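Survey of secondary and tertiary structure
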Amino acid sequence: MKEVFGKLADGTEIHRWSLENGGTRLRVLSYGGIVQSLEVPDREGRYANVSLGFDSVEEYVADSPYFGALIGRYGNRVGGGRFTLDDTAYELDVNDGGNSLHGGAGGFDKAVWDVEPFVQDSNVGLRLTRTSPDGEMGYPGTLRTTVTYTLTEDGDWRIDYEATTDRPTVVNLTNHVYWNLAGEGSGSAHDHELEIAASRYTPVDAGLIPTGEPAEVAGTPFDFRRAKPIGADVRTRDQQLLYAKGFDHNWVLDKGRTDLPERAATLRDPSSGRTLTISTTEPGLQFYSGNFLDGTLAGPSGRIYRQGDAVCLETQHFPDSPNKPSYPSTVLRPGQTYRSTTVHSFGA
Ligand code: BGC
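Residues numbered from 1 in each chain as written. Predicted model: local features only at pLDDT ≥ 70, side-chain atom pairs only at ≥ 80, totals over all residues. Heavy atoms only, no water.

**With respect to the overall build of the protein chain**
Tallying secondary structure elements over the protein chain gives two helices and 29 strands in all. Computed over C-alpha atoms, the radius of gyration of the protein chain comes to 19 Å, within 12% of the 20 Å expected from 2.2 N^0.38 for 348 residues, which places it in the range of a compact globule. Principal-axis analysis of the C-alpha atoms places the extent of the protein chain at approximately 60 × 50 × 40 Å. The 348 residues of the protein chain split such that 57% are buried. Carbon together with sulfur atoms contributes 45% to the accessible area of the protein chain, which is approximately 13,700 Å² in total. (Helix = DSSP H or I, 4+ residues; strand = E, 2+ residues; numbered from the N terminus. Rg over C-alpha atoms; globule rule 2.2 N^0.38 Å. Buried < 20%, exposed > 50% of the residue type's maximum accessible area, 1.4 Å probe, protein only. Areas by Shrake-Rupley, 256 points an atom, 1.4 Å probe, with all protein chains shown as cover.)

As structure tokens, this is what we get:
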């Protein structure tokens, strides 16, 4: 179903699409490809919206910390907002201290996407397309992007990203849902248990730029190899946690970059019994514990969002890869196709 959700200041109509399959209900906006709500049942069969968001376009435009949005051209940070590719230096839009975050101030989350619904066998979905002009936010190359959201007959939400370019560039696309499996507005998500299939993570500096080589998680608060509550170690006196006000780091998935999606993480809410398993082709996962939610925004529930009221699990290549030759490459050249897939599976 397609309906008018609202209008931008220039009069552009923003649509909301509603899909349902396999027990999962998804609502997506043409603005930013935003997941405006995602509803799944708990162990008693009761539905709740498990993603943070807003009820109006105005709120998304004015002040959203990327709630539910598509992120491009580069998920997370590029240090100093600059990189060099094939001996040419590029200057990006700087929107986070001295760095460029999530593609810059006019990233994919602020763009209006063309949206086409489809039905394929027992799957339903939306195909979102957009052409980002050469030089947008400082990135070289005309980037033609297709993002496909599929709800499968099992109720999985699958995202397939594809992009091509006409000049050498860098690409790292992701999605920024804020999860609270007890329901948005229900309070802290730090009682959720999280498991991440990663023995290493990338430590950061004060500006949250990776310092270089990955470090072992063993013996640190970053060890999520066995499921543990997010709140268990988040208050440990650790310089990495002080820099980020909690967890806001890239985990180096043990499986590496894979052709098919493989399991990266599982999140479980003990109170509702809801679980979320994330599988991906990507080599990294940004786990962000909602540190910058500060009670200044309120969601559709009418309740305000405070620190730790949700967590983000963003599948990605590592932050600042364009400046880190030892990291898996984010370079895309003419003639190549960027491909990335992430599957969200729900249970209770
Ligand atoms: C980043 C955080 C940032 C948040 C957006 C996350 O992906 O890692 O540092 O604050 O997005 O608000």
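**Some remarks on the environment of V50**
On the secondary structure map, V50 appears in the loop between β5 (47-49) and α1 (57-63). Note on V50: relative accessible area 0%, which makes it buried. With 78 residues separating them along the chain, V50 and L128 place their C-alpha atoms 22 Å apart. Those residues in contact with V50, other than ones at most four positions away along the chain, are L38, V40, Y178, W179, N180, L181, G183, E184 and R274. (Contact = heavy atoms within 4.5 Å.)

**Section: unusual backbone geometry**
Glycine aside, the phi torsion of most residues is negative, and most peptide linkages are trans. A cis geometry characterises the amide bond from G72 onward to R73, with omega recorded as 0 degrees. Phi is positive for Y66, close to 70 degrees, though the residue is something other than glycine. With respect to the helices, strands and loops of the structure, Y66 is situated in the loop between α1 and β6 (69-71). Of note in this structure, M137 is not a glycine but carries a positive phi near 55 degrees. Position of M137 relative to the elements: it lies in the loop between β12 (123-132) and β13 (143-151).

**Re the sheet that holds strand β1 (residues 2-7)**
Strand order in the open sheet formed by five strands is β1-β2-β3-β4-β5, and the pairing between neighbours is antiparallel. Bordering the open sheet on either side are β1 and β5, each of which pairs with just one other strand. Along the sheet, successive strands turn relative to each other by an average axial angle of 20 degrees, direction set aside. Relative to β5, strand β4 (residues 35-41) is paired through three bridges, and the arrangement is antiparallel. Across the sheet, residue P41 finds its bridge partner in β5, namely Y47. (Pairing = 2+ DSSP bridges. Axes fitted to C-alpha atoms, helices over the stretch in contact; angles between N-to-C directions.)

**Looking at the environment of T174**
Mapped onto the elements of the fold, T174 is located in strand β16 (residues 174-176). Owing to a relative accessible area of 2%, T174 belongs among the buried residues under this scheme. C-alpha separation for the pair T174 and I159, spaced 15 residues apart in sequence, amounts to 9.1 Å. Of note is the side chain of T174, whose polar atom sits 2.8 Å from the backbone oxygen of T315. (Polar contact = N/O pair within 3.5 Å; in protein donor to acceptor, adjacent residues only side chain to side chain.)

**Regarding the pairing of strand β2 (residues 13-21)**
When you tally the buried positions in β2, you get seven out of nine residues, the bulk of the element. In the sheet, β1 pairs with β2 via five bridges, with the strands oriented antiparallel. Paired with G6 across the two strands is I14, which belongs to β2. Here β1 folds back onto β2, and the loop between the two strands holds five residues, one of which, G11, carries a positive phi near 95 degrees.

**Points about the sheet that holds strand β19 (residues 215-216)**
In space, the five strands of this open sheet follow the order β19-β18-β21-β24-β27, with antiparallel pairing throughout. Bordering the open sheet on either side are β19 and β27 (312-316), each of which pairs with just one other strand.

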